[in-house]
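Commentary on secondary and tertiary structure
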Amino acid sequence: MSASQRRVSQTVNNFFTLVSIIILAVVITLYSKFGPKVKKEARTNSNLQCQKETFTFDSITRPELLKDANYYLKNGLYVLSGGFTKPRFGKFYLKDKISIDEADDFFKTSISFPQRENPVKYLKIKYEIIENDKNDPRKKDEKSKSFAGTILSSFRINGKEVFMMETNFLHYDKNEIKNRIECTIKAFKHNAK
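To start, this report covers the structure provided alongside it. (Residues numbered from 1 in each chain as written. Predicted model: local features only at pLDDT ≥ 70, side-chain atom pairs only at ≥ 80, totals over all residues. Heavy atoms only, no water.)

**A closer look at the environment of T184**
Position of T184 relative to the elements: it lies in helix α4 (residues 174-192). Residue classification places T184 among the buried residues on the basis of a relative accessible area of 0%. Residues T184 and T167 lie 17 residues apart in sequence; the distance between their C-alpha atoms is 7.9 Å. Non-local contacts of T184, meaning those with residues more than four positions away in its chain, are made with S153, F155, F163, M165 and T167. (Helix = DSSP H or I, 4+ residues; strand = E, 2+ residues; numbered from the N terminus. Buried < 20%, exposed > 50% of the residue type's maximum accessible area, 1.4 Å probe, protein only. Contact = heavy atoms within 4.5 Å.)

**What to know about the pairing of strand β4 (residues 149-157)**
Counted residue by residue, β4 has seven buried out of nine residues, so it is predominantly covered. Direction of pairing for strand β3 (residues 123-131) relative to β4: antiparallel, over a ladder of nine bridges. Each residue of the ladder has a partner; that of I130, found in β4, is T150. In the sheet, β4 pairs with strand β5 (residues 160-169) via nine bridges, with the strands oriented antiparallel. Its bridge partner lying in β5, S154 is registered against M164. Between β4 and the antiparallel strand that follows it, β5, lie two residues; N158 among them carries a positive phi value of about 50°. (Pairing = 2+ DSSP bridges.)

**Overview of the packing of aromatic side chains**
Applying the stated criterion across every chain yields a total of seven aromatic pairs. With a centroid separation of 5.8 Å and an interplanar angle of 65°, the aromatic rings of F163 and F188 are classed as edge-to-face. Residue F163 is found in strand β5, and its partner F188 is found in helix α4; the two are separated by 25 residues along the sequence. Residue F163 is classed as buried on the basis of its relative accessible area, which comes to 0%. Residue classification places F188 among the buried positions, given a relative accessible area of 0%. One aromatic cluster in this structure is built from F155, F163 and F188. (Phe/Tyr/Trp six-rings, centres within 6.5 Å; stacked < 30°, edge-to-face > 60°.)

**Notes on a nonpolar patch on the surface**
There is a patch of nonpolar side chains on the surface, built from F15, F16, V19, I23 and V27 and spanning about 470 Å² of accessible area. Checked against the element boundaries, F16 lands in helix α1 (residues 3-34). (Patch = residues over 30% accessible without salt bridge, like charges linked within 9 Å, V, L, I, M, F, W, Y side chains within 5 Å. Areas by Shrake-Rupley, 256 points an atom, 1.4 Å probe, with all protein chains shown as cover. Salt bridge = Lys/Arg side-chain N within 4 Å of Asp/Glu carboxyl O.)

**Describing the state of the cysteines**
Scanning the model with the defined rule gives one disulfide in all. Shown here is the disulfide that connects C50 with C183, its sulfur atoms set 2.1 Å apart. Its torsion about the S-S bond being 80°, the disulfide of C50 and C183 is classed as right-handed. In this pair, C50 is assigned in the loop between α1 and β1 (56-60) and C183 in helix α4, connecting sequence segments 133 residues apart. We note that C50, like C183, is buried. (Disulfide = S-S within 2.5 Å.)

**Quick notes on the side chain of N70**
Mapping N70 onto the fold places it in helix α2 (residues 66-74). Each residue touching N70, except ones within four places of it in the same chain, is listed here: F188, A192 and K193.

**Concerning the pattern of salt bridges**
Under the definition given, this model contains four salt bridges. Ionic pairing is found between E53 and R180, a salt bridge with its closest N-O pair at 3.1 Å. One end of the pair, E53, is in the loop between α1 and β1; the other, R180, is in helix α4, and 127 residues separate them in sequence. The closest approach of N and O atoms between D96 and K95, which form a salt bridge, is 4.0 Å. Given a relative accessible area of 49%, K95 falls into the partly exposed group.

**Digging into the nonpolar core**
L123, I125 and F188 are the most contacted members of the largest nonpolar core, which totals 36 residues. Considering each element in turn, this core owes the most residues, seven residues, to α4. Setting aside chain neighbours within four positions, we find L123 in contact with A69, Y72, L73, L77, Y78, V79, F155, R156, I157 and F188. (Core = buried A, V, L, I, M, F, W, Y, C linked by side-chain atoms within 4.5 Å.)

This is the structure in structure tokens:
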């Protein structure tokens, strides 16, 4: 076989290889765009029993940081940062039922690992106790007025949210708020193990 015949043969092989790659790319693109869709069930929460008692939503926002967050929690390297969101149109009832110090104590009891003083690196548990503004004119249906409030919790490392949970409490009751806080910590531990 002469050199010119080898070049022609190599050119033909290269041409068919290029055509095969193009056809394969087109088929993959069409299949991914128009092929059968696998329905993925939307994840609402971790499906714990306590999450079934009221509306509860949780989300793992940075799975790669869950182990670190769990380590910080277990070693008492956490900081609590809580607050209230008052209703805009109605009376603020929660201030007479619970204080932020009491809510902090509920978190500490639920965590069950003693908190260290002034840690350099830590898990920040930022939470907001939001009173349901039942007098808000935008709330038309009874379902939106059927609960007393919501606890929105965010677990963060270096400002990056790792896990969040939103859970409603039905009554202006300190024990019910305590149960919702316990459920939040259970859900975090369940997902971080």
